[in-house]
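Chain residues, written in single-letter form:
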Amino acid sequence: MSVARVKKESVLLNNVARATEIFSEYGDFIRTVIRYQVKNGTQADDLFQDLFLSLVSKPIPADIQNVKSYLYRVITHDIIDAVRRVEKYKTLMKKYAECFNYSVNKPRPENAIVETEETDKMFRLLEGRLRHSEAQAITLRYKNSYNIKEVAKKMRVDDRTISRYISTGLNKVRQFLTVKQGD
């Protein structure tokens, strides 16, 4: 095992230990804040778990003196981001459904083959409308269900480059769909 990998694992273990300490000490406070702002119990549990992962990936800075205040801000921002993601997803699904005259509420099992064909057609259209790298990144990420790291490894580029390819490609698709709907 390389020294860099051992160091990375050590940092990760320290981050997990620190997040565990925070949750042991402030767990009740965290749950109270989340449940106060989010009425849906399942969503509250998801946010609670997401916060733990967030603190593992980005620990609380050592110079923070009021941990509760910091946690409150982090929780509030996480909730806002989660609501934004859900709303954006719903909006995109609605636009997609309208574009293809597909009923989101009444999917029928006999349409599975048609859906697969439409999905394949959509990815072929992406290849014709986007740069090769953008289309490949989106296809690997969403059609093949690879995570960002797997896509980066497959394409032999950095994770951030993949994120940029996907973001740029999806923005181009949104612009195309907006123009197409205006026609």
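Here, every reference points to the structure presented above.
Sequence order sets the numbering: in each chain, residues are counted from 1 along the sequence as written. Two thresholds apply to this predicted model, a pLDDT of at least 70 for residue-level local features and 80 or more for giving and counting side-chain atom pairs, whereas whole-chain, interface and lining totals are computed over all residues. Only hydrogens and water are set aside when side-chain values are computed; all heavy atoms of the structure are taken into account.

Draft legend 1. The arrangement of the nonpolar core in detail. Take the buried residues of types Ala, Val, Leu, Ile, Met, Phe, Trp, Tyr and Cys, join any two whose side-chain atoms come within 4.5 Å, and each joined set is a nonpolar core. Buried, partly exposed and exposed residues are distinguished by accessible area as a fraction of the type maximum, computed with a 1.4 Å probe on protein chains only: under 20%, between the cut-offs, and over 50%, respectively. Among the nonpolar cores identified, the biggest contains 22 residues, and Ile30, Leu55 and Leu71 are the most heavily contacted of them. At the level of secondary structure, the elements contributing two or more residues to this core comprise helix 1 (3-37), helix 2 (41-57) and helix 3 (67-99). Apart from residues no more than four positions distant in its own chain, Ile30 is found in contact with Phe23, Phe48, Leu51, Leu71 and Ile75. Core analysis: the next-biggest nonpolar cluster, separate from the first, contains 13 residues, Leu126, Ala135, Ala137 and Met155 among them. Put simply, DSSP H or I for four residues or longer makes a helix, DSSP E for two residues or longer makes a strand, and each gets a number counted from the N terminus. Any two residues whose heavy atoms approach within 4.5 Å are treated as being in contact.

Draft legend 2. Quick look at the packing of helix 5 (residues 132-143) against helix 6 (residues 148-155). Helix axes are fitted only over the stretch in contact, all axes being lines through C-alpha atoms; the angle between N-to-C directions runs from 0 to 180 degrees. The N-to-C vectors of helix 5 and helix 6 enclose an angle of 135°; their axes lie 9 Å apart at closest approach. By the angle between their axes, helix 5 is oblique relative to helix 6. Crossing geometry of helix 5 relative to helix 6 is assigned as right-handed. Seen from helix 5, the contacting residues are Ser133, Gln136, Ala137, Leu140 and Arg141; seen from helix 6, they are Ile148, Val151, Lys154 and Met155. Three categories are distinguished: nonpolar for Ala, Val, Leu, Ile, Met, Phe, Trp, Tyr, Cys and Pro, charged for Asp, Glu, Lys and Arg, and polar for the others, with Gly belonging to the last. Residue composition of the contact of helix 5 with helix 6, grouped by class: five nonpolar, two polar and two charged. Just so you know how the angles are binned, under 35 degrees is roughly parallel, over 145 roughly antiparallel, 65 to 115 roughly perpendicular, and the rest oblique. A clockwise turn of the near helix away from the far one marks a right-handed crossing, whereas an anticlockwise turn of less than a right angle marks a left-handed crossing.

Draft legend 3. Representation of the environment of Arg124. Here Arg124 shows up in helix 4 (residues 112-129). A relative accessible area of 53% means that Arg124 is categorised as exposed. Residues Arg124 and Ala135, spaced 11 residues apart in sequence, show a C-alpha to C-alpha distance of 8.9 Å.

Draft legend 4. Examining unusual backbone geometry more closely. Backbone geometry places Ser145, a non-glycine residue, at a positive phi of 60°. By secondary structure assignment, the location of Ser145 is in the loop between helix 5 and helix 6. For Ser145, a relative accessible area of 58% puts it in the exposed group. Of note in this structure, Arg156 is not a glycine but carries a positive phi near 60°. Structurally, Arg156 is set in the loop between helix 6 and helix 7 (159-182).

Draft legend 5. View of the packing of aromatic side chains. A pair of Phe, Tyr and Trp rings is counted when the ring centres sit within 6.5 Å of each other, with Trp represented by its six-membered ring. The angle between the planes then sorts it: under 30 degrees is stacked, over 60 is edge-to-face, the rest tilted. Inspection of the entire model under this criterion finds two aromatic pairs. Between Phe23 and Phe48, the aromatic rings sit 4.9 Å apart at their centres with planes inclined by 70°, giving edge-to-face as the arrangement. On the criterion of sequence distance, the pair formed by Phe23 in helix 1 and Phe48 in helix 2 is long-range, its members being 25 residues apart. In this structure, Phe23 and Phe48 share a single accessibility class: buried. Measuring from ring centre to ring centre gives 5.3 Å for Phe23 and Phe52, while their planes differ by 80°; the resulting arrangement is edge-to-face. Here the residue Phe23 occupies a position in helix 1, and Phe52 occupies one in helix 2, the gap between them amounting to 29 residues. Taking relative accessible area as the criterion, Phe23 reaches 13% and is therefore assigned buried. Phe52 sits in the partly exposed class, given a relative accessible area of 24%. Ring pairs connect the aromatic residues Phe23, Phe48 and Phe52, which therefore count as one cluster.

Everything listed here is a matter of geometry and, on its own, says nothing about what the molecule does.
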